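Fold and geometry: a report
As a plain string of letters, each chain reads:
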Amino acid sequence: MMDELVFVYPPAGTLSRGWCWKLKKSMYGTRRASGLWADHVRKTLEDDGCYALKVFSMVFINVSKRYITAIWGDDFAAIGSEETLLRFDEMLKKSLESRVIGIIGPGASSTSVKLLNRTLKWSGKGYEWHADAKHSRSVCDKCGVVDNTKESFVPGSKMAGLNIPEGEDDVDAEASAHMYASGAGTLLYHALDRPDLL
């Protein structure tokens, strides 16, 4: 339920000019909606016996029921036995719409699950976290690196820089700066999952 006044313009043609709608409930995209969602999730988990960790926002632990959960917006990930995780999902369904996209680990029927565009795998020896490859492909595309390029573990090669145009007149400085900033930002985001890139 909304706890502040928010007015929105209705879709064209629904009301006479000069009128607006007052929201009764929070609407996705408004500033207050994410805060109200977080409050609702926090209360749901605290009612189940969880407490929030002080050092990580939206990470909760339930000692008596033996699970830990982390929340990113409307994506939940939890650690516990398969039985505990299924009970956790049933608890969530009492106050939220939820669905299990996969349970992995020793004895589980699945070996991988997608979470936040990353793949989490159970290898039999432990868990593996695989970054979304679209970020590397994006940077390679911007730099003109083709799919059949061989992998290299050194910072440069004899071919480095050969596709850069000769002379300053051939380079659009603004476009080049934008491409560099975009590529650097993409790599920094990707490096969160691939520290070996730094």
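Heads up: these notes are all about the structure in this document. (Residues numbered from 1 in each chain as written. Predicted model: local features only at pLDDT ≥ 70, side-chain atom pairs only at ≥ 80, totals over all residues. Heavy atoms only, no water.)

1. Comments concerning helix α2 (residues 82–93)
The first and last C-alpha atoms of α2 sit 17 Å apart over 12 residues, in line with the 16 Å expected at 1.5 Å per residue. Taken residue by residue, α2 has T84, L85, F88, D89, M91 and L92 as its buried positions. Buried residues of α2 fall within an arc of 160 degrees about the axis and therefore sit on the same side. Where α2 is buried, its residues contact α1 (31–47), β5 (67–72) and β6 (75–79). (Helix = DSSP H or I, 4+ residues; strand = E, 2+ residues; numbered from the N terminus. Expected span 1.5 Å × (residues − 1). Buried < 20%, exposed > 50% of the residue type's maximum accessible area, 1.4 Å probe, protein only. Arc of directions from axis to C-beta. Contact = heavy atoms within 4.5 Å.)

2. Remarks on the sheet that holds strand β9 (residues 127–130)
Across the sheet, which stays open at both edges, the three strands sit in the order β7-β8-β9 with antiparallel pairing between neighbours. Each edge of the open sheet is held by one strand with a lone partner, namely β7 (112–115) and β9. Averaged over all adjacent pairs, the angle separating strand axes in this sheet is 20 degrees, with direction ignored. As judged from the four bridges shared by β7 and strand β8 (residues 118–122), these two strands associate in the antiparallel manner. Bridge pairing in β8 places K114 opposite T119. (Pairing = 2+ DSSP bridges. Axes fitted to C-alpha atoms, helices over the stretch in contact; angles between N-to-C directions.)

3. A short note on the environment of K24
Inspection of the secondary structure assignment puts K24 in the loop between β2 (21–22) and α1. A sequence separation of 18 residues divides K24 from V6, and the C-alpha atoms of the two residues are 8.6 Å apart.

4. Some details on helix α4 (residues 173–191)
If you check α4, its first and last C-alpha atoms are 26 Å apart, about what 19 residues at 1.5 Å a residue would give, namely 27 Å. Buried within α4 are the following residues: G183, T186, H190 and A191. All buried residues of α4 project into a common sector of 135 degrees when viewed along the axis, lining one side. Among the exposed residues of α4, those pointing more than 90 degrees away from its buried face are A173, E174, H178 and L188.

5. Focus: the packing of aromatic side chains
Within the structure shown, the criterion is met by two aromatic pairs. Aromatic side chains Y67 and F88 sit 4.7 Å apart centroid to centroid with 55 degrees between the ring planes, which places their arrangement in the tilted category. Linking Y67 in strand β5 with F88 in helix α2, this pair joins segments that are 21 residues apart in sequence. Given a relative accessible area of 6%, F88 falls into the buried group. (Phe/Tyr/Trp six-rings, centres within 6.5 Å; stacked < 30°, edge-to-face > 60°.)

6. Quick look at the nonpolar core
Core analysis: the largest hydrophobic core is formed by 12 residues, namely A38, V41, L45, C50, M58, F60, Y67, I71, F88, M91, L92 and L96. Counting residues per element, the ones that place at least two in this core are α1, β5 and α2. Contacts of C50, omitting those with residues within four sequence positions, involve L45, F60, I61, N62 and Y67. Counting residues in each nonpolar core, the second largest holds five residues, with M2, V6, V8 and L23 among its members. (Core = buried A, V, L, I, M, F, W, Y, C linked by side-chain atoms within 4.5 Å.)

Take it as geometry only, folks, not as evidence of what the structure does.
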